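Residue-level structural notes
Letter by letter, the chains look like this.
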Amino acid sequence: MSDSDFEVIRGSGNIYADLGDPDADTKQMKAQLAAEIIAALDRRKLTVREGEKLTGITAADLSRIRNADLGRFTIDRLVRVLNALDRHVTVKVTRMPKRPRESGDRITKGATTQH
């Protein structure tokens, strides 16, 4: 295969949105919070057992965070873990960019039809 066999497409910065996941923003936020938790643990050179004592969540849950198994975590729970690690979390809300309509799509009475 040569380089000409591939098309490079710039992502949006949210892989979940790029893949069409309906919960893209939530999953992206959880991933960012988890990355901050991992970084805080690593900066302090804490094991999951030491992290358990400091954060109040189980070592197994800290291992899940390290493995990006975030399905059982809520955003507020991840924020509480970061707070226990002396990290402050702020959230920025912005207006969503308008989605370009696909060529050939027509909107009629609230529905999209394909031509």
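Note that the structure is predicted; figures quoted are calculated from it, not measured.

Cut-offs used in this document
- Residues numbered from 1 in each chain as written.
- Predicted model: local features only at pLDDT ≥ 70, side-chain atom pairs only at ≥ 80, totals over all residues.
- Heavy atoms only, no water.
- Salt bridge = Lys/Arg side-chain N within 4 Å of Asp/Glu carboxyl O.
- Helix = DSSP H or I, 4+ residues; strand = E, 2+ residues; numbered from the N terminus.
- Buried < 20%, exposed > 50% of the residue type's maximum accessible area, 1.4 Å probe, protein only.
- Polar contact = N/O pair within 3.5 Å; in protein donor to acceptor, adjacent residues only side chain to side chain.
- Core = buried A, V, L, I, M, F, W, Y, C linked by side-chain atoms within 4.5 Å.
- Contact = heavy atoms within 4.5 Å.
- Axes fitted to C-alpha atoms, helices over the stretch in contact; angles between N-to-C directions.
- Parallel < 35°, antiparallel > 145°, perpendicular 65-115°, else oblique.
- Left-handed = near helix turned anticlockwise from the far one by under 90°.

Structural notes on the pattern of salt bridges
- As enumerated under the stated definition, the model contains seven salt bridges in all.
- Between glutamate 52 and arginine 49 there is a salt bridge, with its nearest N and O atoms 3.9 Å apart. Here the residue glutamate 52 and the residue arginine 49 both occupy positions in helix α3 (residues 48-55), the gap between them amounting to three residues, near one helical turn.
- In this structure, arginine 77 engages aspartate 61 in a salt bridge whose closest nitrogen and oxygen atoms are separated by 2.5 Å. Residue arginine 77 is found in helix α5 (residues 75-84), and its partner aspartate 61 is found in helix α4 (residues 59-66); the two are separated by 16 residues along the sequence.
- Classification of aspartate 61 by relative accessible area gives buried; the value is 8%.

So, the environment of aspartate 21
- Here aspartate 21 lies in the loop between α1 (15-18) and α2 (24-43).
- A distance of 2.7 Å separates polar atoms of two side chains, one belonging to aspartate 21 and the other to lysine 27.

Points about the environment of serine 63
- Following the sequence through the fold, serine 63 ends up in helix α4.
- Relative accessible area serves as the criterion here: at 29%, serine 63 is assigned to the partly exposed category.
- C-alpha separation for the pair serine 63 and arginine 49, spaced 14 residues apart in sequence, amounts to 9.7 Å.

Here's the deal with the nonpolar core
- Ile37, Leu41, Ile65, Leu78 and Leu85 are the most contacted members of the largest nonpolar core, which totals 15 residues.
- Mapped by element, the contributors of at least two residues to this core are α2, α4 and α5.
- Apart from residues no more than four positions distant in its own chain, leucine 85 is found in contact with Ile37, Ala40, Leu41, Arg44, Leu46, Leu54 and Thr55.

Quick look at the packing of α2 against α4
- Between α2 and α4, whose axes approach to 9 Å, the crossing angle comes to 115°. In terms of axis orientation, α2 runs roughly perpendicular to α4. The handedness of the crossing between α2 and α4 is left-handed. In contact with Ala34, Ile37, Ile38, Leu41 and Asp42 of α2, α4 contributes Leu62, Ile65 and Arg66.

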